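Chains, contacts and geometry: an overview
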Amino acid sequence: VTTPWNLFLDPLLRGPTWGTLLVCAALAAVGVIASVRRRTQVGELISHAAYPGVVLGLLISANLLGAMVGAGLMALLALLALERLSRSSLYPDSALALLLALFFGGGILLASRVQFVQPNAVRQLTSYLFGQAPSMTDSHILLYAILAVGVLTALIVCFKELQLWSFDQTQARLSGLGGRWVELLFTGLLLVSVLASLKAVGVVLASAMLVAPAVAARQLTDQLNRMLVWAALIGALCGWLGLYASLWGLPSGPLVALMAVLVAMGTLLRGLLLRHWRRGRFQRQCMADNILKAIWRTHPENLQQLQGRVGGGLLTLRIATWRLRRQGWIGADLSLSDDGAQRATRIVRLHRLWEAYLVNSVGMDVEQVHPSAEEMEHILTPEVEATLVQLLRDPLHDPHNQPIPR
Amino acid sequence: MSYGEQPFWEFLALWGQRLFQFLPLDQWALDEIQLAVLVLLGCCGAMVGSWLVVRRLAMVANALSHTILIGLVVAFLVGGGLWGLLLGALVAGLLTGGMTDWFSRALRLSEDSAIGLTYSALFSIGVIALTLLTKNSHLGTEAVMGQIDALDADDLRQVAWITGFNCLLGLLFYRGYLISAFDGALARTLGFSSSWLGRLLMAQVALTSIGAFRAVGVVLVVALLVLPPLTARLYVHRLGAVMGLAAGISALASLLAVALSRHCLTAYQLPLSTSGLLVLILGLFYFISLAAIKVRIRYRVSHVAHCVTR
């Protein structure tokens, strides 16, 4: 078997490679808008409803174009039915599930007919269920390239309208930038990109490529234009790698979907770990601040006395003091170094300044300000400190009549 | 004994005759086994699907009916059989529910993204694992399409056990489901845990799907779950009545589907998929009922208008 890089050039494999890569990129980019608008399940309906169309198209014309035209018409019918049903009192998810099952059932009925009329067409039919990208040829590239580039171009050209429509429909209508045609444009793009991907990804897993790259892109950035780019890149990457894996005789759809899901899970876990790490770092910093403050105020002899002041487990304290000692804030016998003393002074100063501010300027009761100051002493920046000093005219004492150190 | 090549009405007549002979199971014809399996699945579908519809979980059920492939992998690994299937259903149901919950709570994904991601992950892994384990690339296709003509008496026994178990669960937790579906606050006050009941419902969907995958395939399970309760809800409103009517509708549609597929084979030499026919007939029932209800409403409105103007 060849190397992944060679896929782009190999005369037999370049067709499937470029085809899969392009359609996956387009599908993933449309998926970003779909997941912002919570319409990914409509993509699922389109892909399942396209199946009877594929069967009919293959029955009539026996080539890819026929299958795609049939699929397009059938998916359009399903979308119209959804529109009609959603105006009745049916729940939206019931309507989706109803149409999905109905159209797919029709597809299976038609496929069972094909099975006996054209036995060799059955292989082609089942290949649309899970995708069979290696059966594409060079002639397919052009078709898929046109479709994918068309979809991506439309996304770029109408980006402003799509963005506004995705987030604020009222504003979109008022500013004249959107309205009905943007919705039609989005549905059209969804339709075209799902249909184009049926050969590569398959009926059953096309919606995976709508969801997974969009989820991954959302974890990497929070701007819509960057999300589109990221999703398209991830989609292309998954298409390429999934196709490479499918050379070992597995259907390409599940592999492409699995790659996309793995990328999405990876980014999700990265986000989770980042959040945990940030939280842990902040907690460690608070602990260090509290220890320095306690040493500055009460000069504890040993860890037990320190624990009485700061709280927390003995092991946590041992690790935290070890860390402080290594960074040079405290000496071996729990005494502050010069740097440590300076930092402890600053924390106490911030604590008492904040208490003075809450009592003098906000008008809170003296008894209530301590808990808030316990939290704020870790957060206040030098700029806030300078402003507080200016506002309070550089006070010498806090509301509890303790001196404010400088 | 086989029905051979019977046209529509003769099939029904013969079936009616044989129904009252109360034959033992080993003398049942293939068609009768098919029909019995479909009727039992219809009962399961009505029982579980009614809750899905009123709790607006139809698309979650769609995802679960796909992710059941993981359950099939588990069943295959432990060596099949009824207990293998039950274990598989349990694993698939809990995994799907747990992953969706985890995605939406811990990772803060929106509900439809969470469902979509779970569905894609488990289904793709399921197809790949089944293909690798069984060295048979058609098994995935079979699981999606169903293989109704390969059913035998053992399958019927399995489906019967699964249906019995499902109905038992459904009856035991009827009140809990009812209260948590319509009044979450009351359910909490009375001590029903909505999240556990939700998980139990998912396990029941998984049970139904795994019972049905051989007969109708995983995608059409959704039809059995959603279409009959929706049709029944057009006529009746009490939940017990919806379940009963839905089961009746499924049974009637199953009978028609089996008879019709035999008829097409005999009269037109047209072998049609029984499960595909079943779904279309169920859909037809729904849309005919919808139209009938609309006509009735229009008639009543015009009647009232007529009375008022007079």
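So, how was this worked out
- Residues numbered from 1 in each chain as written.
- Chains lettered and ligands numbered in written order.
- Predicted model: local features only at pLDDT ≥ 70, side-chain atom pairs only at ≥ 80, totals over all residues.
- Heavy atoms only, no water.
- Helix = DSSP H or I, 4+ residues; strand = E, 2+ residues; numbered from the N terminus.
- Rg over C-alpha atoms; globule rule 2.2 N^0.38 Å.
- Lys, Arg positive; Asp, Glu negative; His and termini not counted.
- Charge placed at Lys NZ, Arg CZ, Asp CG, Glu CD.
- Contact = heavy atoms within 4.5 Å.
- pLDDT = per-residue confidence, 0-100.
- Core = buried A, V, L, I, M, F, W, Y, C linked by side-chain atoms within 4.5 Å.
- Buried < 20%, exposed > 50% of the residue type's maximum accessible area, 1.4 Å probe, protein only.
- Buried area = accessible area lost by both parts, 1.4 Å probe.
- Salt bridge = Lys/Arg side-chain N within 4 Å of Asp/Glu carboxyl O.
- Polar contact = N/O pair within 3.5 Å; in protein donor to acceptor, adjacent residues only side chain to side chain.
- Nonpolar A, V, L, I, M, F, W, Y, C, P; charged D, E, K, R; others polar.
- Patch = residues over 30% accessible without salt bridge, like charges linked within 9 Å, V, L, I, M, F, W, Y side chains within 5 Å.
- Areas by Shrake-Rupley, 256 points an atom, 1.4 Å probe, with all protein chains shown as cover.
- Phe/Tyr/Trp six-rings, centres within 6.5 Å; stacked < 30°, edge-to-face > 60°.
- Axes fitted to C-alpha atoms, helices over the stretch in contact; angles between N-to-C directions.
- Parallel < 35°, antiparallel > 145°, perpendicular 65-115°, else oblique.
- Expected span 1.5 Å × (residues − 1).

1. A short note on the overall build of chain B
Along the backbone of chain B there are 13 helices and 0 strands. Listing each helix as α and each strand as β along chain B from the N terminus yields α-α-α-α-α-α-α-α-α-α-α-α-α. Against the compact-globule benchmark of 19 Å for 310 residues, chain B has a radius of gyration of 21 Å, which places it among compact chains. Principal-axis analysis of the C-alpha atoms gives chain B an extent of 70 × 60 × 30 Å. Looking at charge distribution, chain B has the averaged site of its 19 positive side-chain charges lying 18 Å from that of its 14 negative ones.

2. Re the overall build of chain A
Each helix and strand in chain A was counted, giving 17 helices and 0 strands. On C-alpha atoms alone, chain A measures out to a radius of gyration of 31 Å, which is more than a quarter above the 22 Å that the 2.2 N^0.38 rule sets for 406 residues. With respect to the three principal axes, the spread of C-alpha positions in chain A is 95 × 55 × 35 Å. Taking the contacts inside chain A whose residues are at least 6 apart along the sequence as the reference set, 71% of them involve residues at least 24 apart.

3. Focus: the confidence of the model for chain B
Scored by pLDDT, chain B comes out at a mean of 85, with 95% of its residues at no less than 70. Across the assembled chains, the prediction reports ipTM 0.89 with pTM 0.84.

4. Concerning the nonpolar core
Counting residues in hydrophobic clusters, the biggest one holds 203 residues, and the most contacted among them are Tyr 51, Leu 190 and Leu 198 of chain A together with Leu 52 and Leu 117 of chain B. It is helix H4 (residues 92–117) of chain A that provides the largest number of residues to this core, a total of 14 residues. For Leu 190 of chain A, the contacting residues outside a window of four places in its chain are Val 30, Ala 34, Arg 39, Val 42, Gly 43, Ile 46 and Leu 210 of chain A. Ranked by size, the runner-up nonpolar core spans 14 residues in total, among them Met 287, Ala 294, Leu 306 and Ala 344 of chain A.

5. Topic: the interface of chain A and chain B
Taken together, the contact between chain A and chain B spans 53 residues of the former and 56 residues of the latter. Together chain A and chain B conceal approximately 4,600 Å² of surface at their shared face, both sides included; 78% is due to carbon and sulfur atoms. Linking chain A to chain B there are 0 salt bridges. Joining chain A to chain B, the criterion identifies 7 residue pairs in polar contact (both at pLDDT 80 or more). Counting residues per element, the ones that place at least two in the side of chain A that touches chain B are helix H2 (40–61), helix H3 (64–87), H4, helix H5 (121–130), helix H10 (206–220) and helix H12 (252–298) of chain A. Considered class by class, the residues forming the side of chain A that touches chain B number 35 nonpolar, 11 polar and 7 charged.

6. Concerning the pattern of salt bridges
Enumeration according to the criterion identifies 11 salt bridges over all chains in this entry. Among the ionic pairs, Arg 346 of chain A bridges to Glu 385 of chain A, the shortest N-O distance being 2.7 Å. With a gap of 39 residues between them, Arg 346 of chain A in helix H15 (residues 338–362) and Glu 385 of chain A in helix H17 (residues 382–392) connect regions that are remote in the sequence. Its salt-bridge partner being Arg 157 of chain B, residue Asp 154 of chain B comes within 3.0 Å of it at the nearest N-O pair. Of the two residues, Asp 154 of chain B and Arg 157 of chain B are both situated in helix H7 (residues 153–172); the distance of 3 residues between them amounts to about one turn of the helix. Of the residues examined, Arg 157 of chain B reaches a relative accessible area of 41% and is grouped as partly exposed.

7. Focus: a nonpolar patch on the surface
Residue and element names in this part refer to chain B. Taken together, the side chains of Phe 76, Leu 77, Val 78, Leu 87 and Leu 133 make up a nonpolar region of the molecular surface, amounting to roughly 450 Å² of accessible area. Following the sequence through the fold, Val 78 ends up in the loop between helix H3 (58–77) and helix H4 (81–105). On the basis of relative accessible area, Val 78 is assigned to the partly exposed category, the value being 48%.

8. Some remarks on a positive patch on the surface
All names here are of chain A. Positive charge collects at one region of the surface, where Arg 270, Arg 278, Arg 281, Arg 284, Arg 323 and Arg 326 lie side by side. Listing elements by their share of the positive patch, those giving two or more residues are H12 and helix H14 (314–326). With 4 residues, H12 is the single largest residue contributor to the positive patch. Structurally, Arg 284 is set in helix H12. Arg 284 sits in the partly exposed class, given a relative accessible area of 38%.

9. Looking at the packing of aromatic side chains
All names here are of chain B. Taken as a whole and judged by the stated rule, the model has 13 aromatic pairs over all chains. Measuring from ring centre to ring centre gives 5.6 Å for Trp 51 and Tyr 174, while their planes differ by 65 degrees; the resulting arrangement is edge-to-face. Here Trp 51, found in helix H2 (residues 30–54), pairs with Tyr 174, found in helix H8 (residues 174–182); they are 123 residues apart in sequence, far enough to count as distant. The interplanar angle of 40 degrees and the centroid separation of 5.8 Å between the aromatic rings of Trp 102 and Phe 103 together place this pair among those described as tilted. For Trp 102, a relative accessible area of 39% gives the class partly exposed. Given the relative accessible area of 1%, Phe 103 is considered buried.

10. Details of unusual backbone geometry
Residue and element names in this part refer to chain A. Residues other than glycine seldom take positive phi values, yet His 299 does so here, at roughly 45 degrees. Looking at the element boundaries, His 299 is found in the loop between H12 and helix H13 (303–310). The residue Asn 401 is not glycine, and still its phi comes out positive at about 65 degrees. Its location among the elements puts Asn 401 in the segment after H17.

11. As for the packing of helix H7 (residues 159–167) of chain A against helix H9 (residues 180–201) of chain A
All names here are of chain A. Contact geometry for H7 and H9: axes closest at 10 Å, N-to-C directions at 100 degrees. Put simply, H7 runs roughly perpendicular to H9. The segment H7 lies against H9, with Glu 161, Leu 162 and Trp 165 engaging Trp 181, Val 182, Glu 183, Leu 185 and Phe 186. Class assignment of the residues belonging to the contact of H7 with H9 gives a composition of 6 nonpolar, no polar and 2 charged.

12. Brief notes about H9 of chain A
In this model H9 of chain A runs 30 Å from its N-terminal to its C-terminal C-alpha over 22 residues, within 8% of the 32 Å that 1.5 Å per residue would give. Of the residues trailing H9 of chain A, Gly 202 of chain A is marked for its positive phi of about 95 degrees.

13. Notes on the environment of Leu 12 of chain B
All names here are of chain B. Relative to the assigned elements, Leu 12 resides in helix H1 (residues 8–19). The class for Leu 12 is buried, based on a relative accessible area of 18%. Distance in space between the C-alpha atoms of Leu 12 and Leu 255 is 8.4 Å, their sequence separation being 243 residues. What Leu 12 contacts, discounting residues up to four positions off in sequence, is Leu 255 and Ala 259.

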